[in-house]
Amino acid sequence: MDKQTTGLGMIQWEGDTWLSDPEESFGFRANWKVKRVLHREQSDFQEVAVMETVGFGRALVLDGIVQTTEKDAFIYNEMITHIPLAAYPDPKRMCIIGGGDCGAARETMKYPGLKQVDMVEIDPKVVEVSQTYLPEIAGYEQPDPRIQFHYEDGAAFVQERKGVYDVISVDSSDPVGPAAVLFEKPFYQDVHRALTEDGIMVCQSESPIFHPQVLKRVHHTLKELFPVVRTYLATVPTYPGGIWSFTLASKKYDPLLEGADRLQMEMNRYVDRGVYQGCFQLPVYVQQLLKE
Ligand code: SAM
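Fair warning: this is a prediction, and the values are worked out from it, not measured in the lab. (Residues numbered from 1 in each chain as written. Predicted model: local features only at pLDDT ≥ 70, side-chain atom pairs only at ≥ 80, totals over all residues. Heavy atoms only, no water.)

Novice: What's the story with the overall build of the protein in this structure? I'm lost.
Specialist: Looking only at helices and strands, the protein features nine helices and 14 strands. Taking 19 Å as the expected radius of gyration for a compact globule of 292 residues, we find that the protein reaches 18 Å, a close match to that expectation. C-alpha atoms of the protein, sized along the principal axes, occupy 60 × 45 × 35 Å. Taking contacts inside the protein between residues at least 6 apart in sequence as the whole, the part at least 24 apart equals 65%. Of the roughly 12,800 Å² of accessible surface on the protein, 49% is carried by carbon and sulfur atoms. (Helix = DSSP H or I, 4+ residues; strand = E, 2+ residues; numbered from the N terminus. Rg over C-alpha atoms; globule rule 2.2 N^0.38 Å. Contact = heavy atoms within 4.5 Å. Areas by Shrake-Rupley, 256 points an atom, 1.4 Å probe, with all protein chains shown as cover.)

Novice: Which parts of the structure should I look at to understand the sheet that holds strand S9 (residues 116-120)?
Specialist: Across the sheet, seven strands lie side by side as S10-S9-S8-S11-S12-S14-S13; this open sheet has mixed pairing. The open sheet has two free edges, formed respectively by strand S10 (147-150) and strand S13 (228-235), since each of these has just one partner strand. Strand after strand, the sheet turns through a mean of 15° between neighbouring axes, direction not considered. Bridge analysis of S9 against S10 gives four bridges, and the strand direction is parallel. Opposite Val120, over in S10, you have His150 as the bridge partner. The strands touched by helix H1 (residues 73-87) within the sheet are strand S8 (93-98), strand S11 (165-171), strand S12 (195-204), S13 and strand S14 (243-250), with S13 carrying the most contacts at an inclination of about 150°. Strands S12, S13 and S14 of the sheet are contacted by helix H7 (residues 212-225), whose axis makes an angle of about 10° with S14. (Pairing = 2+ DSSP bridges. Axes fitted to C-alpha atoms, helices over the stretch in contact; angles between N-to-C directions.)

Novice: Can you walk me through the UniProt feature "binding site: S-methyl-5'-thioadenosine" (unreviewed entry) in the protein in this structure?
Specialist: In the numbering used here, UniProt assigns the "binding site: S-methyl-5'-thioadenosine" (unreviewed entry) feature to Gln46, Glu121, Asp153, Gly154 and Pro178. As for its placement among the helices and strands, Gln46 is situated in the loop between strand S4 (31-42) and strand S5 (47-53). In contact with Gln46, other than residues within four places in its own chain, are Glu41, Leu62, Asp63, Asp123 and Val126. The residue Glu121 is located in the loop between S9 and helix H3 (124-133) in this model. If we ignore the near neighbours within four places in the chain, the residues touching Glu121 are Gly98, Gly99, Gly100, Val126, Val127, His150, Tyr151 and Glu152. (UniProt positions renumbered as here; feature names shortened; annotations may be inferred.)

Novice: Even after reading the chapter, I still don't get the UniProt feature "domain: PABS" (unreviewed entry) in the protein, so can you show me in this structure?
Specialist: Using the residue numbers shown here, the UniProt feature "domain: PABS" (unreviewed entry) corresponds to residues 16-251. In residues 16-251, the share of helix is 28% and the share of strand is 35%. The end C-alpha atoms are 51 Å apart.

Novice: Is there a simple way to think about the site of the ligand in this case?
Specialist: Surveying the vicinity of the ligand reveals 24 residues, the closest of which are Gln46, Tyr76, Glu121, Asp153 and Gly154. Within the backbone of Gly154, an N or O atom sits 2.8 Å from a nitrogen atom of the ligand. Contacts to the ligand include Ala179, whose backbone N or O atom sits 3.3 Å from a nitrogen atom. Within the shell around the ligand, the residues separate by chemical class into ten nonpolar, eight polar and six charged. For the shell around the ligand, the domains that each give at least three residues are domain 1 (10-68) and domain 2 (72-290). (Near = heavy atom within 4 Å. Polar contact = N/O pair within 3.5 Å; in protein donor to acceptor, adjacent residues only side chain to side chain. Nonpolar A, V, L, I, M, F, W, Y, C, P; charged D, E, K, R; others polar. Domains from an automatic or database assignment.)

Novice: What is the right way to read the pairing of S11 from this model?
Specialist: The side chains of a regular strand alternate between the sheet's two faces. Within S11, seven of the seven residues are buried, leaving the element largely enclosed by the surrounding structure. Bridging between S11 and S12 involves five bridges; their strand directions are parallel. Considered in S12, the bridge of Val170 is made with Cys203. (Buried < 20%, exposed > 50% of the residue type's maximum accessible area, 1.4 Å probe, protein only.)

Novice: Got a minute to help me understand unusual backbone geometry in this structure?
Specialist: The backbone phi angle of Phe26 is positive, close to 50°, even though this residue is not glycine. As for its placement among the helices and strands, Phe26 is situated in the loop between strand S3 (16-20) and S4. On the accessibility criterion, Phe26 (67% relative accessible area) is exposed. We note that Glu206 has phi near 70°; this positive angle belongs to a residue other than glycine. Structurally, Glu206 is set in the loop between S12 and H7. Exposure remark for Glu206: the relative accessible area of 1% places this residue in the buried category.

Spelled out as structure tokens, the structure:
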């Protein structure tokens, strides 16, 4: 039977409905068999949707691109949260830029020493929809009062802060639309300024297979600003190609030398001390990419 497109990214094929990722790289695109669409609306920034998929549970979909799924959100959220929080001794104040699905914010609450987490999400609809339809990820309980929500552009937010945060995590969508600015040097300079004198930042830096130039640029730009820059990897099946990169930049502490013993691992499903130490071991093609 011929494929029929029914609207943004939705395809009818042999009686089933599929969500087809609008981003095609090297002739590859992901397709998700969908049971039903639970929510779909246009916010001021993007189309926000939640779909019940056949294989990955519920999925948050922004502008047709799957951001996170119930099946493997824990991998991404633990990796973007625990690695920088353990690398910094006794963090007190943290800022998350993006991360509207609230999975990373929820993960930070495993660190009892954290007094304040500023969640800076440009689109309140993402938070509202995630809290309503994705409690597996966002949490069933009321958000902890230590998490303060700020609905504004993360780039403008950090520009106004100086020496405030021990850890800043950039949990952004892909570098298009409102997230594009979060991959640029002026933003990283502002993040550097917003950190305490020994602070650490981390960002998701895309796929080394599908977006090598993005990873390379993020890594090299951060090296111009921070003495310690470490890229690490995790396998997140939801993201194109599965293999995903994060880049940590630090003013002082090196996660290769310390931090594993500071991990809070209770209820973790991915990060333990072995993963903390092993995730910085990069395969040869990534080492070569970052050397170029
Ligand atoms: N962890 C998932 C991933 O890597 O795809 C999801 C990340 S989370 C859903 C990304 C969030 O960043 C979105 O909710 C989006 O609205 C938000 N975002 C994009 N640009 C932003 C900006 N300039 N300031 C703050 N938040 C932004």
